[in-house]
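Descriptive analysis of the structure
Here is what each chain is made of, one letter per residue.
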Amino acid sequence: MPPKSRPPRWADWLLERFLSPYLLEDVQGDLHEVFYKRMAQVGVTRARHEYSWAVLHYLSPFFFKPAPSEPNSSVYPSPSLLNLSMLRNYLTIALRTLAHNKAYSIINVVGLSIGLAAAMLIILYTKDEVSYDRFHANNPNLYRITSRDITPGDQKPGYNTNTGIFQGPKFTAGTPEILSFVRFQSNQHDIKQGNEVKSQETFSTDPEFFQLFSFPLLSGDPKTALTHPKSVVVSEDMAEKQFGTREALGKIMFIKTNEQFEPYTVSGVAKKCPQNSSIKFDILLPITISKEDFAQSDNWFSFFLNTFVLLRPDADSKAVEATINRIYQTDAKNTIVEMAKKFGIKSKTIYSLQPLTEMHLSTDLPVNNGLVDESSPAFSYILSGIALFVLLIACINFVNLTIARSLKRAKEIGVRKVVGGGRSQLVVQFLGESFLLCFVAFGLAILLLLLVLPTFNQLANKALSFMYLLDIKLMAGYVGLFLMTGLLAGFYPAVILSGFSPVQSLYSRFRFTGRNYLQRGLIVLQFSLASFLIVATLTINSQFNYLTTKSLGYDDSNLVSVNKSSLKRNEARLLKSELMKFPSIVDVAPKNQGFWGTVAKVNGEKQLSFAYETVDETYLPLFKIPVLTGRNFSPDFPSDSTQSVLVNESFVKEAGWKNPIGQEVNFFAYETPERYKVIGVVKDYHFVALNQKIRPQLFTMKPKNDFGKVFVKIKPHTETESLRAIEQTFKKLFPISPYSYSFLDQDNLKKYESEAKWKQIMLFGAILTIFISCIGLLGLATLSAERRTKEIGIRKVLGASVSSIVQLLSSDFLRLVGFSFVFAFPAAYYAIDKWLENYPYRIEISAWMFALAALLAILIAFFTVSFQSIRAALSNPVKSLRAE
Amino acid sequence: MRRAFLGEFEEIVLLVVAACPAEAYGVTIWEDLQQQTGRSITLSAVHATLYRLEEKGFLSSTMGGATAERGGRRKRFFTLTAIGVRALNDVQEVRSRLWRAIPPGKFQLIGI
């Protein structure tokens, strides 16, 4: 019985389980030898018993313990991961590989450096955004007084960032925690500059201005600079402009206040305001508030300036808020009741303190009324998103190309492993290579950053400088970015490449099969991001075109707008008659300056707020705005100026009139309530920018309202002579008024500046992502064509045409690009839909936008890939097949 | 080097290895041992002692070539090392010194 004539299996199994491997062979051998001897002597059964018994004797810890450490190990210490000569070898190999594969290296370095530069730029931008107003030494104790109106039953409070003359002094007087206050009011004043008169933005403020804020003075005493009512502080730029020198202390400036020029003494010259300041002034005047104004309690309701307060360092801002609201409730008690009665105000005003440093990026309480550079965190988010996209795509390129190219390096990896390279060593090597590339890209990125910074500043309306980089935190951020990019780009390839089996790679049977999924996935991701940005860019573009080309409802061509504050009726008539003498001038129409809004009662009770325009009968014809029903103002009806108004369609709709002509509008809030009859309805036109809805609008000829500007319609192509005519006439009639003009169609375009900027930034982002995606694709196509040279050669020999080979090589990539739309388009649809919701007048999202984006992406990808494919397809098969 | 202690069994195993004319491995040593001492000894005891002696440096071992009779498993051949020889010499010297120290006629007194 042959199976029995061998040692029992279980005993062997036990032995093999239990014995330390290095002992197993000879011990088991000896046991077997004895078994066979005994089998011959005493028979199988006995021998088997003895064998089993003997085996059991081996079950002791002595035989179980692992082999004593190899004596070799002390002779040859295992090399450390970062052995110097190994490092030198890695560097040599890395540089050699980079030099041998120039296309690959260039694609990686260029892609990464663009990505890094974009990311750096955005870090710079974001840093600047959050650094606004942080330079004041009194932070974080500086606050701005803001308020919100809470109407019962209304969820969203009305925010108000401005205050009046009372809040500062009265709150400070009643709250010990408030150390001091500063009011900051923006004005427009005429200033004599040599023989010329210039209209200039000025700011009126309290004497404590320079104690609260850290704006250093070049000359003058910050404590007393603004104490004298006829003193003025100018910026160094202004001093240079006005006096030709910065040493302007004590010099006289003529500023028009109270209808005439008065001398102001320069009491201080301030350094240029930092660019990350919400307060930027050229001329500072002491604020003057008359006793009568200060006595008038209803000034609690007049908001027109910004008030800042300095709290004691130990003060609790919440407690201070409670105190100031108490002061307001007691001091303004009577007025609140009075105003509520007079205007039917139901809302309640609650004051709060906004930290100065939060002003810049606040969406509810933005900077305005003299404070500049209003921004929104959305800008930072969108820009960061784009930068992240670009960087991610560049990293994907790196990963894809490194893995795809690894076929060529499989032999190197195999040899390294055969001669004893550990996996961790290979990981270190490949990570090191990616860091090396990243380092080169980093250097290039800094150069790139320097190059594009001026353009970016212009686009983002910033004054960023490279000096900003010299900041510890920012440097740390950049180094972090560098490390992150190196790791992101290098980690996966390092792990994959180091895992190659040396036997397979040296047999050169090595093929990528399963891992292609990752490569494909990454290409899909890349092109998803790119096509997302294409769709976004197309949308912004067409929305912008829509905004700028949509008919505004009036004719803004060849219209010159000339400002003239407080233009009296007779002056307007005189100006018109003088101007009409020139043949190039078609017509002239005066209008009030700026935007007026007010409220009136209609239908007896209903209150309506609307834009209030003071015009004369020439205004509507000049703008070619049609009157739908009723009639325009007319000189034939002398009562028009005192009894009649025109309203627009939105007004009629809001008032709910079926029969608008003859309806009454009651300006109840005036000292003597005034009533007007509607004589005509004007077709709605966009009197404000298109990103706002058309609101009710009312036209009056009320003689008491001054005009503020005139519109001059000129004949086409007569700009030069017309402008000269207008200027001559204006200077002749109003020698001491500043003259400034603008073309209305250009003004209208300016309203969409922010859209125009976003359009450009998005375009940039899209171009960058597409560019980087495409160079990545180019690299992959090159590698794939290289890998398939033999296949292509054989196909050609067997009769394949060039076009079929191009198709073979391109279709794979194009399919992936097509697949990416599945992800990109829904996301893009969602995003642009959200964005377009901001616009009351907007384009509809249409399929052609997506079709165009798809076509664009596919075309670009096709051209990129086909370049390589055609080259591969045209190559001589003899060459590729002969080489082995 | 510290003077290694040699146990009685270890000493005998070492002597058997030394006395073995051909290449000594587990089975031959085991058989010789039983023959020389007349004791019944388990193979595992011999193996354990051999490996311990190797660890102590008195023996060294090499694996031989593949064999036919034991399922192709190789044999581990043991040879005495210089330290092993010195240890045996030391033991023998101690013994003979002690033997010489025994007063003559002592054994006769005991009456054997």
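Here, every reference points to the structure presented above.
Here is a short report on the structure shown in this document.

What counts, and where the lines are drawn
- Residues numbered from 1 in each chain as written.
- Chains lettered and ligands numbered in written order.
- Predicted model: local features only at pLDDT ≥ 70, side-chain atom pairs only at ≥ 80, totals over all residues.
- Helix = DSSP H or I, 4+ residues; strand = E, 2+ residues; numbered from the N terminus.
- Buried ≥ 20, exposed ≤ 12 C-beta atoms within 10 Å, placed from the backbone.
- Contact = placed C-beta atoms within 7 Å.
- Nonpolar A, V, L, I, M, F, W, Y, C, P; charged D, E, K, R; others polar.
- Axes fitted to C-alpha atoms, helices over the stretch in contact; angles between N-to-C directions.
- Parallel < 35°, antiparallel > 145°, perpendicular 65-115°, else oblique.
- Left-handed = near helix turned anticlockwise from the far one by under 90°.
- Pairing = 2+ DSSP bridges.
- Arc of directions from axis to C-beta.
- Core = buried A, V, L, I, M, F, W, Y, C linked by C-beta atoms within 7 Å.

Per the secondary structure count, chain B includes five helices and three strands. When the elements of chain B are put in sequence order from the N terminus, they spell out α-β-α-α-β-β-α-α. Here chain B holds 112 residues, and the buried ones make up 28% of them. Of the contacts made within chain B by residues no fewer than 6 positions apart, 44% connect residues no fewer than 24 positions apart.

Moving on, we get to the interface of chain A and chain B. Note on interface size: it is often stated as the accessible area lost on association of the parts. Residue-level contacts link 16 residues of chain A with 16 residues of chain B. At the level of elements, α2 (21–42) and α3 (44–57) of chain A are the ones that each hand at least two residues to the side of chain A that touches chain B. The dominant element in the side of chain A that touches chain B, judged by the number of residues it contributes, is α2 of chain A, at eleven residues. Taken together, the residues of the side of chain A that touches chain B break down into eight nonpolar, four polar and four charged.

Turning to the packing of helix α25 (residues 753–787) of chain A against helix α28 (residues 847–874) of chain A, a few remarks are in order. All names here are of chain A. Axis separation between α25 and α28 bottoms out at 9 Å; the angle between their running directions is 25°. Looking at the two axes, α25 sits roughly parallel to α28. The hand of the α25/α28 crossing is right-handed. In this structure, α25 contributes Ile770, Cys774, Leu777, Leu778, Ala781, Thr782 and Ala785 to the contact, and α28 contributes Ile860, Ala861, Thr864, Val865, Gln868, Ser869 and Ala872. The residue inventory of the contact of α25 with α28, partitioned by class, reads ten nonpolar, four polar and no charged.

What follows covers the sheet that holds strand β21 (residues 707–714) of chain A. Residues and elements named next belong to chain A. If you trace the four strands from one edge of the open sheet to the other, you get β13-β21-β12-β22, paired in antiparallel fashion. The open sheet has two edge strands, β13 (585–591) and β22 (741–743), and neither has a second partner. Direction aside, neighbouring strands of the sheet carry axes that sit 25° apart on average. Each of β12 (559–567), β13 and β21 is contacted by helix α19 (residues 569–579), which is oriented at about 170° to β13, the strand it contacts most. Here helix α23 (residues 719–733) sits on the sheet and contacts β12, β13, β21 and β22; the angle it forms with β12, its principal contact strand, is near 10°.

A separate point is the environment of leucine 444 of chain A. Residue and element names in this part refer to chain A. Here leucine 444 shows up in helix α15 (residues 423–460). Separated by 332 residues in the primary sequence, leucine 444 and leucine 112 have C-alpha atoms spaced 9.2 Å apart. Ignoring anything within four residues of it in the chain, the contact list for leucine 444 reads Val109 and Ser113.

On to the sheet that holds strand β3 (residues 76–80) of chain B. Residue and element names in this part refer to chain B. Spatial ordering of the open sheet is given by β1-β3-β2, a layout of three strands whose pairing is antiparallel. Because the sheet does not close on itself, it has two edges, and the strands there are β1 (24–25) and β2 (59–63). Pairing between β1 and β3: two bridges, direction antiparallel. In the sheet register, alanine 24 faces β3, and the bridge partner there is phenylalanine 78. The strands touched by helix α3 (residues 43–56) within the sheet are β2 and β3, with β2 carrying the most contacts at an inclination of about 110°.

What follows deals with helix α8 (residues 167–174) of chain A. All names here are of chain A. Along α8, the residues classified as buried are Gln167, Gly168, Phe171 and Thr172. Axial view of α8: buried residues confined to an arc of 110°, hence all on one face. On the buried face of α8, the contacting elements are β1 (142–150), β3 (178–193), β10 (306–311) and α12 (317–331).

Further remarks concern unusual backbone geometry. Residue and element names in this part refer to chain A. In this structure, the amide linkage connecting asparagine 139 to the following residue, proline 140, adopts the cis form with an omega of 5°. Relative to the helices and strands, proline 140 is located in the loop between α7 (102–130) and β1. Positioned with a positive phi, aspartate 133 is a non-glycine residue whose angle comes to about 65°. If you trace the backbone, aspartate 133 turns up in the loop between α7 and β1.

So, on to the packing of α2 of chain A against α3 of chain A. Residues and elements named next belong to chain A. Closest axis-to-axis distance for the α2/α3 pair is 7 Å, and the angle between their directions is 150°. With respect to α3, the axis of α2 lies roughly antiparallel. Handedness of the α2/α3 crossing: right-handed. Packed against α2, whose contacting residues are Leu31, Phe35, Arg38, Met39 and Val42, the element α3 presents Val44, Arg46, Ala47, Glu50, Tyr51, Ala54 and Val55 at the interface. Each residue belonging to the contact of α2 with α3 can be placed in one class, and the counts come to nine nonpolar, no polar and three charged.

Residue and element names in this part refer to chain A. Ala118, Met120, Val390 and Val535 are the most contacted members of the largest nonpolar core, which totals 89 residues. Listed by contribution, the elements that provide at least two residues to this core are α7, α14 (377–418), α15, α16 (472–498), α18 (516–549), α25, α27 (802–836) and α28. Ranked by the residues each element gives to this core, the list is headed by α14, at 16 residues. In contact with valine 390, not counting residues within four places along its chain, are Ile114, Gly115, Ala118, Leu768, Thr769 and Ile772. Counting 51 residues, the second-largest nonpolar core is a separate cluster that includes Leu212, Leu226, Val232 and Val234.

What follows covers the environment of phenylalanine 9 of chain B. Residue and element names in this part refer to chain B. Topologically, phenylalanine 9 is positioned in helix α1 (residues 8–19). Phenylalanine 9 gets classed as partly exposed once you count the C-beta atoms within 10 Å, which come to 16. Measuring from C-alpha to C-alpha, the distance between phenylalanine 9 and threonine 49 comes to 8.0 Å, with 40 residues separating the pair along the chain.

By themselves, these figures tell us nothing about what the structure is for.
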